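# Survey of secondary and tertiary structure
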Amino acid sequence: MCPPDHYGIYYEINPWMSVAKQAQSDQARRQWETLYNLYRDLGVTVELMAPAEGLPDMVFTANAGVVSNDLFIASNFRHPERRGEEEHFCDWFKSHGYRVERLPRQYYFEGMGDVKLYRDLLFAGFYFRSDVRSHLMVGEKLGKLVVSIELADKRFYHLDTCFCPLDDDLVMYFPPALQEYSRKAVQSHTKAQIEVGEEDALAFACNCVVVDRHIILNRASQSLRESLEARGFTVQQVSLSEFLKAGGGAGCLTLAL
Ligand code: ARG
């Protein structure tokens, strides 16, 4: 995770962001700390990286790249506003003993924002941010088959805003955010699915983090909570309103190592 010292809405690169609707920094700090403390309470070891001035979206560490064992494949951000983050993320991984690999510059790739692992498959989103041509390269480097998912709603510009595997069988997703053919791909390559409604999707319920049987998310409706609990999960809601203003939730604020 990366503390929100320099977080704020200073540019607009997705429909959630408006410089006229600034995030409140005290509240953002409290919300981020609540998430951090919740991980700690669940027994998770949280590594931190130093925030950098002028890079407000660095809090969204899910976008740093993809991590697999000691390999880190760094992101190539689509928007120039975020490209300055790349060297900070690469430096962190280098200094923590990871092998750092980069894709050719022309292939936009936004890390775990657009990649989700399910069993031996790599579900990878494209269209708004990552370039579909990056998927094969990432799959090759990780030795995994890729299921490319075409995103269809600009409010759900990263795969992790609308799709999340919860365990080896079950995924949760918001079907309208995916192109029709990609919805079929999700249905045919996963054993079971929970389809969330628009209200939950807009509350970033799919942008969750799974720790054992705990699902950590900004907010979920009672009916979604009940269907998750019926499958043996505990739902932990952490209000992240200040980060939703940038288009990010719990999943975006976290990169699993
Ligand atoms: N403002 C950031 C952007 O538009 C939010 C990134 C959210 N991260 C994520 N993994 N979905 O790039």
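Refer to the preceding data block for the structure.
None of the values given here were measured: they were computed from a predicted structure. (Residues numbered from 1 in each chain as written. Predicted model: local features only at pLDDT ≥ 70, side-chain atom pairs only at ≥ 80, totals over all residues. Heavy atoms only, no water.)

### Section: the layout of surface pockets
The computed volume of the largest pocket comes to approximately 860 Å³. In terms of lining, the largest pocket is formed by 35 residues, of which the most central are Met112, Val209, Val210, Leu255 and Ala256. Residues belonging to the lining of the largest pocket are distributed by class as follows: 24 nonpolar, 4 polar and 7 charged. (1 Å grid on protein atoms, 1.4 Å probe; cavity = no way out; pocket = protein on both sides within 12 Å on 5 of 7 lines; lining within 4 Å. Points joined across faces, edges and corners; volume = space filled by probe spheres on them. Nonpolar A, V, L, I, M, F, W, Y, C, P; charged D, E, K, R; others polar.)

### Examining the site of the ligand
The environment of the ligand is made up of 17 residues, and the closest members are Asn14, Arg82, Arg129, Asp160 and Cys252. Residue Arg82 places a side-chain N or O atom 2.7 Å away from an oxygen atom belonging to the ligand. Between Ala246 and the ligand, the recorded distance is 2.9 Å, taken from a backbone N or O atom to a nitrogen atom. For the ligand, whose unbound accessible area comes to 350 Å², protein coverage reaches 100%. In this structure the site holding the ligand corresponds to the largest cavity. By residue class, the composition of the shell around the ligand is 7 nonpolar, 6 polar and 4 charged. (Near = heavy atom within 4 Å. Polar contact = N/O pair within 3.5 Å; in protein donor to acceptor, adjacent residues only side chain to side chain. Areas by Shrake-Rupley, 256 points an atom, 1.4 Å probe, with all protein chains shown as cover. Sits in = over half its atoms within 2 Å of the grid points.)

### Some thoughts on helix H3 (residues 85–95)
Taken residue by residue, H3 has Glu85, Glu86, Phe89, Cys90, Trp92 and Phe93 as its buried positions. Axial view of H3: buried residues confined to an arc of 160°, hence all on one face. In H3, those exposed residues whose orientation departs by more than 90 degrees from the buried face are Glu87, Lys94 and Ser95. Looking at the buried positions of H3, the neighbouring elements they touch are strand E1 (65–68), strand E2 (71–74), helix H2 (80–83) and strand E3 (99–101). After H3 finishes, the residue Gly97 shows a positive phi value of roughly 85°. (Buried < 20%, exposed > 50% of the residue type's maximum accessible area, 1.4 Å probe, protein only. Helix = DSSP H or I, 4+ residues; strand = E, 2+ residues; numbered from the N terminus. Arc of directions from axis to C-beta. Contact = heavy atoms within 4.5 Å.)

### Notes on the pattern of salt bridges
Under the criterion given, the structure shown has 16 salt bridges. Glu86 is the partner of Arg105 in a salt bridge, and the nearest nitrogen-oxygen pair spans 3.1 Å. Taken together, the residues span a long stretch of sequence, with Arg105 in the loop between E3 and strand E4 (115–118) and Glu86 in helix H3 at a distance of 19 residues. A relative accessible area of 41% places Arg105 in the partly exposed class. A relative accessible area of 6% places Glu86 in the buried class. Where Arg129 meets Glu110, a salt bridge forms, and the shortest distance between an N and an O atom there is 3.0 Å. Here the residue Arg129 occupies a position in the loop between strand E5 (121–126) and helix H4 (132–142), and Glu110 occupies one in the loop between E3 and E4, the gap between them amounting to 19 residues. Overall, the relative accessible area of 2% leaves Arg129 in the buried class. (Salt bridge = Lys/Arg side-chain N within 4 Å of Asp/Glu carboxyl O.)

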